[in-house]
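Residues per chain are reported as follows:
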Amino acid sequence: MFDLNQFIADLRASATERSRQAMQDNIKWAPGQMTLPHNHMLGAVIGMYDGREDNVFWRKVPNPERFQIEAAGGKAIGSGDVCLLGRDIIHSVINPVSRISGAIHVYDGDFFNPHRSMWAAETLTEEPYEQSRVSSFRAPLRPA
Ligand SMILES: [Fe+2]
């Protein structure tokens with residue numbers, strides 16, 4: 001049986017030596033919620049405890065003719081899965097299910113550091129990170 005408290009304890013134990021500065025958050029994704037591509041400039045451990053989270057991983061395009069980033073892969077994670085994000089990861093997230101999904105996110109530093117970026121939805125140009133803009137999108141979902 002899945003034990004949320006043990007899961008959180010395991011995530012804490014897996015944090016790096018910078019754990020004194022680590023930040024954790026219980027992230028709730030609304031049905032159909034999606035984020036702009038963004039970076040954290042931090043390593044992260046994501047542990048899903050309910051629902052799903054689809055990650056798209058992006059990479060910078062050297063000498064771009066149009067978009068500054070391109071999709072480079074993805075990973076679907078569901079309840080009980082753990083996903084590690086490296087410090088240089090650019091990702092966007094979608095909750096593809098028609099109910100709230102939840103995950104514990106542990107970052108190995110200050111989540112609100114000022115050097116983060118996001119990429120505009122239409123132009124994929126890099127901009128300073130703004131939390132209120134990064135996760136304000138919601139896809140229309142059909143009823144289950
Ligand atoms: Fe993120």
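Scroll up to find the structure.
Residues numbered from 1 in each chain as written. Predicted model: local features only at pLDDT ≥ 70, side-chain atom pairs only at ≥ 80, totals over all residues.

*Asks:* Just checking my understanding: could you explain the overall build of the chain for this structure?
*Replies:* Across its full length, the chain holds two helices and twelve strands. Along the chain, helices (α) and strands (β) appear in the sequence α-β-β-β-β-β-β-β-β-β-β-β-α-β when read from the amino end. Going through the 144 residues of the chain one by one, you find that 23% of them count as buried. (Helix = DSSP H or I, 4+ residues; strand = E, 2+ residues; numbered from the N terminus. Buried ≥ 20, exposed ≤ 12 C-beta atoms within 10 Å, placed from the backbone.)

*Asks:* How should unusual backbone geometry be read in this particular structure?
*Replies:* Backbone geometry follows two general trends: most residues other than glycine have a negative phi, and most peptide bonds adopt the trans configuration. In the Ramachandran plot, Met41 falls in the positive-phi region, its phi being about 60° despite a non-glycine side chain. Assignment of secondary structure puts Met41 in the loop between strand S3 (38-39) and strand S4 (44-50). Taking the number of C-beta atoms within 10 Å as the measure of exposure, Met41 has 17 and is therefore partly exposed. Even without being glycine, Leu124 reaches a positive phi, approximately 55°. Mapped onto the elements, Leu124 comes out in the loop between strand S10 (117-119) and strand S11 (126-128). Residue classification places Leu124 among the partly exposed residues on the basis of 18 C-beta atoms within 10 Å.

*Asks:* Please clarify how the sheet that holds S4 should be interpreted in this entry.
*Replies:* Pairing between sheet strands relies on hydrogen bonds along the backbone, with the strands arranged either parallel or antiparallel. The strand order S1-S9-S4-S7 describes an open sheet built from four strands, whose pairing is antiparallel. Looking at the sheet topology across the chains shown, the edges are occupied by strand S1 (23-29) and strand S7 (82-85). Strand-to-strand, the axes of this sheet are offset by a mean angle of 20°, without reference to chain direction. Of the pairings in the sheet, the one linking S1 to strand S9 (residues 101-107) comprises seven bridges and is antiparallel in character. The partner of Trp29 across the bridge, within S9, is Ser101. (Pairing = 2+ DSSP bridges. Axes fitted to C-alpha atoms, helices over the stretch in contact; angles between N-to-C directions.)

*Asks:* So what exactly am I meant to see when it comes to the nonpolar core here?
*Replies:* Side chains of a nonpolar character, in soluble globular proteins, are inclined to be buried together. In terms of nonpolar packing, the biggest core is built from eleven residues, these being Ala22, Leu42, Ala44, Val45, Ile46, Met48, Leu85, Ala103, Ile104, Val106 and Tyr107. For this core, the secondary structure elements donating two or more residues are S4 and S9. (Core = buried A, V, L, I, M, F, W, Y, C linked by C-beta atoms within 7 Å.)

*Asks:* Help me understand the pairing of S9 in this model?
*Replies:* On any regular strand, side chains alternate: one points to one face of the sheet, the next to the other face. Counting buried residues along S9, five of its seven residues qualify, which places the element largely inside the surrounding structure. Pairing analysis gives six bridges linking S4 to S9, with the strands arranged antiparallel. Across the sheet, the residue bridging to Asp50 is Gly102, located in S9.

*Asks:* I would appreciate a short explanation of the environment of Asp81 in the present structure.
*Replies:* Along the chain, the position of Asp81 falls in the loop between strand S6 (69-78) and S7. When the C-alpha atoms of Asp81 and Met48 are compared, they prove to be 5.6 Å apart, with 33 residues separating the residues in sequence.

*Asks:* Is there a simple way to explain the environment of Lys60 in this structure?
*Replies:* Considering the arrangement of structural elements, one finds Lys60 in strand S5 (residues 52-60). Using a count of 14 C-beta atoms within 10 Å as the deciding quantity, one classes Lys60 as partly exposed. Along the primary structure Lys60 and Ala72 are separated by twelve residues, whereas in three dimensions their C-alpha atoms are 9.4 Å apart. With near-sequence residues (within four places) excluded, Lys60 lies in contact with Gln68 and Ile69. (Contact = placed C-beta atoms within 7 Å.)

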